[in-house]
Amino acid sequence: MITMDDIIREGNPILRQIAKDVVLPASDEEKEQLKAMLEFLKNSQDEEIAKKYHLRAGIGLAAPQIAISKRMIALFLDDDNGKHFEYMLFNPKIVSHSIENTYLEGGEGCLSVDREVPGFVPRHARVKVKAFDIDGKPVTLRLKGYPAIAIQHEIDHLNGILFYDHINKDDPFKIPDHVVQEE
Ligand SMILES: O=CN(O)CCNC(=O)c1cccc(Cl)c1Cl
Ligand code: NI
């Protein structure tokens, strides 16, 4: 199982690399790694397991965070209406997005960043993502709200971007442009 020992932290150059496409069909090893990433998220949100293995909670995970510079991400979260989102994706790509932006009032955090970095992280309010599922089938996701924010955080990891790169340096809590409502 993946634990915090497997998660690389700021300073490790892998976090700033552009991850490589997974050559499809994915290998059994790549499928197992992606399944393990989803399992980590579930474990990290399970009070008993998280306590037992000292896991920090996460709603998403990108392969570069476990030192695998490949375009693989997992998401496991419920949105504000309690709708559940659970994905294991190969080669996700944002193919279009809203002009409108959004942001989380509480800011964002990252398992690869062992410190609080306060400030609003501007995100597209809505995204259309094309990717491939664990079986190699093409999928198209249209997301808004929390899941849209989360998938952007993960796809950023594949491009060597960390959440705080987006925070306004002069005024971290400045409301981002084109924001229509707060998350
Ligand atoms: O890349 C994934 N992580 O670092 C896992 C830990 N962070 C979170 O779960 C998290 C927390 C707040 C906002 C967003 Cl968007 C995310 Cl993703
Ligand atoms: Ni992160």
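Here, the structure is the one placed above.
Note that this is a predicted model, so its numbers are computed, not measured.

Conventions we followed
- Residues numbered from 1 in each chain as written.
- Chains lettered and ligands numbered in written order.
- Predicted model: local features only at pLDDT ≥ 70, side-chain atom pairs only at ≥ 80, totals over all residues.
- Heavy atoms only, no water.
- Core = buried A, V, L, I, M, F, W, Y, C linked by side-chain atoms within 4.5 Å.
- Buried < 20%, exposed > 50% of the residue type's maximum accessible area, 1.4 Å probe, protein only.
- Helix = DSSP H or I, 4+ residues; strand = E, 2+ residues; numbered from the N terminus.
- Contact = heavy atoms within 4.5 Å.
- Polar contact = N/O pair within 3.5 Å; in protein donor to acceptor, adjacent residues only side chain to side chain.
- 1 Å grid on protein atoms, 1.4 Å probe; cavity = no way out; pocket = protein on both sides within 12 Å on 5 of 7 lines; lining within 4 Å.
- Points joined across faces, edges and corners; volume = space filled by probe spheres on them.
- Nonpolar A, V, L, I, M, F, W, Y, C, P; charged D, E, K, R; others polar.

Trainee: Which residues make up the nonpolar core, and what are the values?
Mentor: Within the largest apolar cluster, 22 residues are counted, with the highest numbers of intra-cluster contacts made by Met37, Phe40 and Leu61. Sorting the residues of this core by element identifies α1 (28-44) and β2 (72-78) as the ones contributing at least two each. Looking at this core element by element, the count peaks at 5 residues for α1. Those residues in contact with Met37 that lie beyond four places of it in its chain are Ile2, Leu61, Ala62, Ala63, Ile66, Met72, Ile73 and Ala74. Counting residues in each nonpolar core, the second largest holds 17 residues, with Ile73, Leu75, Val127 and Ala148 among its members.

Trainee: Summarise the environment of Arg56; cite the residues concerned and give the values.
Mentor: By the secondary structure assignment, Arg56 is in the loop between α2 (47-53) and β1 (60-62). Each C-alpha atom of the pair Arg56 and Met1 lies 14 Å from the other, and the pair is 55 residues apart in sequence. When neighbours within four sequence positions are excluded, Arg56 is seen to be in contact with Met4, Phe40, Ser44, Gly109, Cys110, Leu111, Val113 and Asp114. In terms of polar contacts, Arg56 uses its side chain to reach the backbone carbonyl oxygen of Cys110, at 3.1 Å. For Arg56, the side chain forms a polar contact with the main-chain oxygen of Val113, separated by 3.5 Å.

Trainee: Pulling in residues and values, what's your account of the layout of surface pockets?
Mentor: The method is simple in principle: a probe with the dimensions of a water molecule rolls over the atoms, and the space it marks as empty is what remains. Quantified by volume, the largest pocket comes out at close to 330 Å³. Every residue lining the largest pocket is counted, 19 residues in all, and those nearest its centre are Gly58, Ile59, Gly109, Cys110 and His153. Listed by contribution, the elements that provide at least two residues to the lining of the largest pocket are β1 and α3 (145-158). Top element by residues in the lining of the largest pocket is α3. It accounts for 5 residues. Per-class residue counts for the lining of the largest pocket are 9 nonpolar, 7 polar and 3 charged.

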